[in-house]
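In case you want the letters, here they are:
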Amino acid sequence: MSALQRPVVIGTRDSALALWQTHWVLERLKELYPEQAFEVKHIKTKGDKILDVALAKIGDKGLFTKELEVAMLNGEIDMAVHSMKDLPTLLPEGCAIGAICVREDCRDILISRNGGGLEELPRGAKVGTASLRRKAQIWKVRPDLELVDIRGNLQTRMRKMEEQNLDGLILAAAGVKRLGWAEKITEYIPVDMCLPAVGQGSVGIEIREGDEAIGRLVAALNHAESALCVRAERALLRTLEGGCQVPIGSLGRLSGGKLIVDGVVASLDGRTICRDRVEGDPADPEEAGVRLAKKLLQQGAREILIQVRQETDLR
Ligand SMILES: NCc1[nH]cc(CCC(=O)O)c1CC(=O)O
């Protein structure tokens, strides 16, 4: 492919994880297009500025992505690299997903002070996580734990674990591994116990809709299997109309030529949990995600979602 006659500008947040992910994308693009010049532009998002409020309370969508999308639509950057998990299911007009990259470990992990797993935490132990999805699913197995809100980028959360004397911290495996902290992980929480967030572990590249030159450039980074799993999960989330305010988890995988999608919707106290699975056609991942969402709604997710929204509004 012929190079563009100008540097291609890649936009990113400036957290250590975002930079790691962006440099990963940049290295792949440089390998693929040695003739092409690239630049990286750092952009702060609202989510990087508000660090002391739980995500569920801030509650608006696109907290980590909006400023990047604005810069892209203004032509300041040509693409934005995001954690797929942070990218809302409905993109602003003029924006499109150019590639969903190969997925890292999608699980949640525990980093504990005593080096043990969830089972080994002392009774009433204090564990940090701000995610309602994690809280609800962990409470189901350890209702005695005190799950405390903790926010900020990964470095900040590790620091807060020390400062607040927490017994443990729950994080996404992907981020911890990317920052080179895999040896701190004391347990990989099985997905049977805790379904990950939609898109967790996958990096996405957002581009301008209709920008064919940039679209062709990034298409080579799309990973077919990761992409169709994440598309099914996003279709589920879109159908349930949940953002990070609502405890929703989902995971797609390919098995024996079929697309298997798991999904969970939980109440805030973790007492009511709807979890189910569908089998779908890998040729139409959205159909499987939508079908699973409807199945969950019928099984009680509708009531849970109404209640979660009322409770979050009151806080
Ligand atoms: N919500 C912040 C966020 N967005 C993406 C990741 C981890 C990397 C990934 O899931 O791809 C994290 C940190 C975490 O949840 O522990």
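Please read these numbers as outputs of a predicted model, since none were measured by experiment. (Residues numbered from 1 in each chain as written. Predicted model: local features only at pLDDT ≥ 70, side-chain atom pairs only at ≥ 80, totals over all residues. Heavy atoms only, no water.)

**A few points about the site of the ligand**
Neighbouring the ligand are 14 residues, the closest being Lys85, Asp86, Arg134, Ala172 and Gly201. Contact between the ligand and Asp86: a nitrogen atom at 3.2 Å from a side-chain N or O atom of the residue. Across the complex, the protein chains shield 91% of the 390 Å² of accessible surface that the ligand would expose by itself. For the shell around the ligand, the secondary-structure elements that each account for two or more residues are β8 (168–172) and α7 (173–178). For the shell around the ligand, the leading source of residues is α7, giving three residues. Class assignment for the residues of the shell around the ligand results in four nonpolar, five polar and five charged. (Near = heavy atom within 4 Å. Polar contact = N/O pair within 3.5 Å; in protein donor to acceptor, adjacent residues only side chain to side chain. Areas by Shrake-Rupley, 256 points an atom, 1.4 Å probe, with all protein chains shown as cover. Helix = DSSP H or I, 4+ residues; strand = E, 2+ residues; numbered from the N terminus. Nonpolar A, V, L, I, M, F, W, Y, C, P; charged D, E, K, R; others polar.)

**Observations regarding the sheet that holds strand β11 (residues 248–255)**
Within a beta sheet, neighbouring strands are joined by backbone hydrogen bonds and run either parallel or antiparallel to one another. Strand order in the open sheet formed by three strands is β11-β12-β13, and the pairing between neighbours is antiparallel. The outermost strands of the open sheet, each flanked by one partner alone, are β11 and β13 (273–280). Put simply, the sheet's adjacent strands are angled 15° from each other on average, direction ignored. As judged from the eight bridges shared by β11 and strand β12 (residues 258–266), these two strands associate in the antiparallel manner. In the strand pairing of β12, Ser255 is matched with Lys258. (Pairing = 2+ DSSP bridges. Axes fitted to C-alpha atoms, helices over the stretch in contact; angles between N-to-C directions.)

**Observations concerning the sheet that holds strand β5 (residues 108–112)**
Ordered in space as β7-β6-β8-β5-β9, the five strands form an open sheet in which the pairing is mixed. Lying at the two open borders of the sheet, with one neighbouring strand each, are β7 (146–148) and β9 (187–189). In this sheet, neighbouring strand axes are inclined to one another by 30° on average, regardless of whether the strands run parallel or antiparallel. The pairing of strand β6 (residues 126–128) with β8 spans two bridges and is classified as parallel. Looking at the pairing, Gly128 lines up with Leu169 of β8. In the packing of helix α5 (residues 132–141) onto the sheet, contacts are made with β5, β7, β8 and β9, and the angle to β8 comes to roughly 125°. (Contact = heavy atoms within 4.5 Å.)

**Focus: the nonpolar core**
Leu240, Ile248 and Val265 are the most contacted members of the largest nonpolar core, which has 25 residues in total. Looking at this core, the elements with two or more residues in it are α9 (224–240), β12, β13 and α10 (285–314). Broken down by element, this core gets its largest block of residues, nine residues, from α10. One finds Tyr33, Cys101, Ile207 and Ile214 within the second-largest nonpolar core, a separate group that totals 19 residues. (Core = buried A, V, L, I, M, F, W, Y, C linked by side-chain atoms within 4.5 Å. Buried < 20%, exposed > 50% of the residue type's maximum accessible area, 1.4 Å probe, protein only.)

**Examining the pairing of β12**
Counting buried residues in β12 gives eight out of nine residues, a clear majority hidden from the surface. Taking the residues that link successive antiparallel strands as the turn, the β12-β13 hairpin has six residues, and the phi of Gly270 there is positive, at about 75°.

**A few points about the pattern of salt bridges**
One pass over the structure, following the stated rule, counts 21 salt bridges. One salt bridge connects Arg6 with Asp78, and the closest N-O pair in it is separated by 2.9 Å. Pair noted here: Arg6 is in the segment before β1 (8–12) and Asp78 is in the loop between α4 (66–73) and β3 (79–83), with a separation of 72 residues, a long-range link. According to the relative accessible area criterion, Arg6 is partly exposed, its value standing at 38%. What makes Asp78 buried here is its relative accessible area of 3%. Here Arg208 makes a salt bridge to Asp78, at a shortest N to O gap of 2.8 Å. You can see Arg208 sitting in strand β10 (residues 203–208) and its partner Asp78 sitting in the loop between α4 and β3, a full 130 residues away along the chain. Each of Arg6, Asp78, Arg208 and Asp211 takes part in a single network of salt bridges with overlapping partners. (Salt bridge = Lys/Arg side-chain N within 4 Å of Asp/Glu carboxyl O.)

**Side note on the domain arrangement of the protein chain**
Each assigned domain of the protein chain is listed here: domain 1 (1–101 + 202–222), domain 2 (108–189) and domain 3 (224–315). Between domain 2 and domain 3, the C-alpha centre-to-centre distance is 23 Å. Opposite the six residues of domain 2 that make contact, domain 3 presents 14 residues. Summing both partners gives a buried area of about 720 Å² for domain 2 against domain 3, and 70% of it is carried by carbon and sulfur. (Domains from an automatic or database assignment. Buried area = accessible area lost by both parts, 1.4 Å probe.)

**Describing the pairing of strand β2 (residues 38–42)**
With five bridges connecting them, β1 and β2 associate as parallel partners. The partner of Thr12 across the bridge, within β2, is His42.

**A short note on the side chain of Ser83**
By the element assignment, Ser83 lies in strand β3. One polar contact links Ser83 to Gln21, side chain to side chain, over a distance of 3.2 Å. With residues up to four places along the chain from it excluded, the contact list for Ser83 reads Gln21 and Ser202.

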